Amino acid sequence: MPAHKNPLKLALLPAAVLALSSLASLSLPAAAQDASRESAMVLNLGSGEQLIDALRQQHRGSSSPFFRTLGSESLAVQIQDFFDKNGLVSISGHALGNSNSVFFLKGSAKSLGGYLALHDKRKAFEFSTGAVDGAKGQVTVREVPYTKVFPDFEEEFQRDYDRAQGITALAVAAPVYSPMALRQAPHIGPYANQDVTKLESKPGSPWVFYLNTTAVMSGSTPLNGVSKEQMYRAWQSVADQYSMLNMNVTTNRAVYDAARTANTLRTGIINFVNQDGRSFAPLRSFGTTSAGTLYRNPSAGFDYGYGIGMTGAHEVGHQMGMSHDGGGSGGEYYEGIAAYQWGPIMGNYWMGGSWANQLFTWSRGEYSTANNQEDDFRIMTVNESVPYVADDNASGKPLQLRAGGEINPLDNWGQIERNTDSDVFSFNVATAGTLNLRVDPIEYLRMLDVDAVILNGSGQQVARSNLSVNRSAEFKNLALAAGSYQIKIQGGAEGTPQNGFSNYSSVGYYALKGSLTGGVPDTPPTPLSSGVPLANQSAATGSWTYYAITLPSAASKLTVTLQGVNGDADLFVQKTAKPSTSSYACKSDGSTSNESCAITAPTAATYIVGVQAYAAYSGVTVTATVTP
């Protein structure tokens, strides 16, 4: 996008603006001032405690400005926002007397980092703790490339962008909603007349990213012919790309203000702008009030919702700490792999605009020409301390069947929250039955490639589906014998990580739709009490029966026994999930119905006891005993 000659002031929020010194003020030690004279390009500002205290005192107005320079450049700033909580700070503002700039600093006294960027001069300065030899524990300032702070001002981007326009303007394929996308979560499904100034992806979360659409709205109506539906999809696309995090992507200013007041370090902001230009955002500015800038770009060859949504997700990625994913002919911006219709959202997503089943995801640089091996998820969840959402299907769920064996997506859906997650839906077939099932990703700007497996009661694979370059899984007229089954859903992959994509960022929401003949609703495990026998249990050959015992606190041992005089009942126990013959914490599978197994030092949790009838049995007693 063409660079705008006069970028908006990035710090949006009004506050009392106080002139500051060069950030160290009179409290800097003489040694630090000597260091600044010794090296014109590296300035030592003293310890983190000293710097934070100097900024705090000047923000309060109790200290006079004291100007410092690095080379010929003044490092004096004005502070708009100063937040301090539990030893962590967030400080935002701009250069003294120059609103066409941005300054932000965040972290603790021992680990402090941030930037001062001067847009008119295209200069930038990095503040960091212990970044220079001999300055351990000290905060230093050095000049860095302007594009380190604002990666989207790389010259290569303009060439790549112009080339992408010539390709994608002729054939644009915005994502198509799955018919299963039925508002399973606030950000899922087509526009349904919501107030686009009050959208929230995870209401109540203390982590908030604010899409400030004020400049492109007249009240609740978008300007410039943009529809509310398009504005909704712009928000929805950003919400989709961050749905694995417990972060509320919102257009509601009141929600942002409340979260910012509670803890600025858990918030971020990007401003929509009512004109064309090249969108940009300061790297690692999440946790401060320094905002990104998102231009409207109606000439992009995309509809507003899709184009601005992708760009918004990309720019917010910079604010969360991600740099560009480059390599191959795309240089700074990797163009993706057309054969698999996949590309990193921090690469050149424009090049995939014509793909019918596009998949734009986070990356750790696994493709063969990658020039950036940053772990995007680690940056967001560790460096920026934004947690994943909780697992919504940690122990397995019964498959819900409606009349006639209908599998309805309103009853059967979930989320793959991270790449180590898998979700299980269990069901029973009373007599020979037939399964027809489709599993779709249900987010708009999806990241999930669905991989689904049907397992029998012994944990053996009956069937598997991961449709090629399609993102869904499907089973047609799958014949099933009587017995217990599980549908296991996880993130899929295609090709190889070097030429294709792994399941690294195959995360997101999904839903199930279809039918099952001969199926019976799955029953929850029968509860057990410690030391209380449950007698007269029976089952037919091949079937599973489940029991559950809850440990409210850790214990020294959990012992489970079976006592019977006929048949062959085998015993399996697993923490939180239903066990199988291949997944268990302990087992006992002799040739009779007398079995016993124990778990030493079990933690507080619900343990599921599974009894498989290797041969039909009756009159069996099940007992679970917790030893404190």
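Preceding this section is the structure that the text describes.
The model shown is predicted, which means the values in this text are computed figures rather than measured ones.

The rules behind each value
Residues numbered from 1 in each chain as written. Predicted model: local features only at pLDDT ≥ 70, side-chain atom pairs only at ≥ 80, totals over all residues. Heavy atoms only, no water. Helix = DSSP H or I, 4+ residues; strand = E, 2+ residues; numbered from the N terminus. Buried < 20%, exposed > 50% of the residue type's maximum accessible area, 1.4 Å probe, protein only. Contact = heavy atoms within 4.5 Å. Areas by Shrake-Rupley, 256 points an atom, 1.4 Å probe, with all protein chains shown as cover. Phe/Tyr/Trp six-rings, centres within 6.5 Å; stacked < 30°, edge-to-face > 60°. Lys NZ or Arg CZ within 6 Å of the ring centre and 35° of its normal. Pairing = 2+ DSSP bridges.

Enquirer: Is there a simple way to think about the overall build of the chain in this case?
Expert: On a plain count of helices and strands, the chain comes out with 8 helices and 38 strands. Looking at the 628 residues of the chain, the share that counts as buried comes to 56%. The long-range share in the chain, meaning contacts at least 24 apart out of those at least 6 apart in sequence, stands at 71%. Carbon and sulfur atoms form 51% of the exposed surface of the chain, whose accessible area is close to 23500 Å².

Enquirer: What am I meant to see in the packing of aromatic side chains here?
Expert: How two aromatic rings sit relative to each other is given by the distance of their centres and the angle of their planes. Overall, the coordinates contain 22 aromatic pairs when judged by the stated rule. Here the aromatic rings of Y146 and F150 are separated by 5.4 Å at their centres, their planes lie at 35 degrees, and the arrangement is tilted. Each member of the pair, Y146 as well as F150, carries the same accessibility label: buried. Arranged with centres 5.4 Å apart and planes meeting at 75 degrees, the rings of F150 and F280 form a pair that is edge-to-face. Separated by 130 residues along the polypeptide, F150 in the loop between α3 (146–149) and α4 (155–168) and F280 in the loop between β15 (267–273) and β16 (292–295) bring together distant segments of the chain. Overall, F150 belongs to the buried group, its relative accessible area being 0%. Taking relative accessible area as the criterion, F280 reaches 1% and is therefore assigned buried. Three or more aromatic residues link up through ring pairs in this structure, and these residues are Y334, W342, Y367 and F501. In this structure, R266 is placed above the aromatic ring of W207, and the distance from its NZ or CZ to the ring centre is 4.2 Å.

Enquirer: What's the story with the pairing of strand β37 (residues 605–615) in this structure? I'm lost.
Expert: Within β37, 8 of the 11 residues are buried, which leaves it mostly tucked inside the rest of the structure. Here strand β32 (residues 544–551) pairs with β37 via 8 bridges, running antiparallel. If you follow L551 over to β37, its bridge partner there is A605. Where strand β34 (residues 568–575) lies against β37, 8 bridges are found, and the strand directions are antiparallel. Bridge pairing in β37 places F572 opposite G610.

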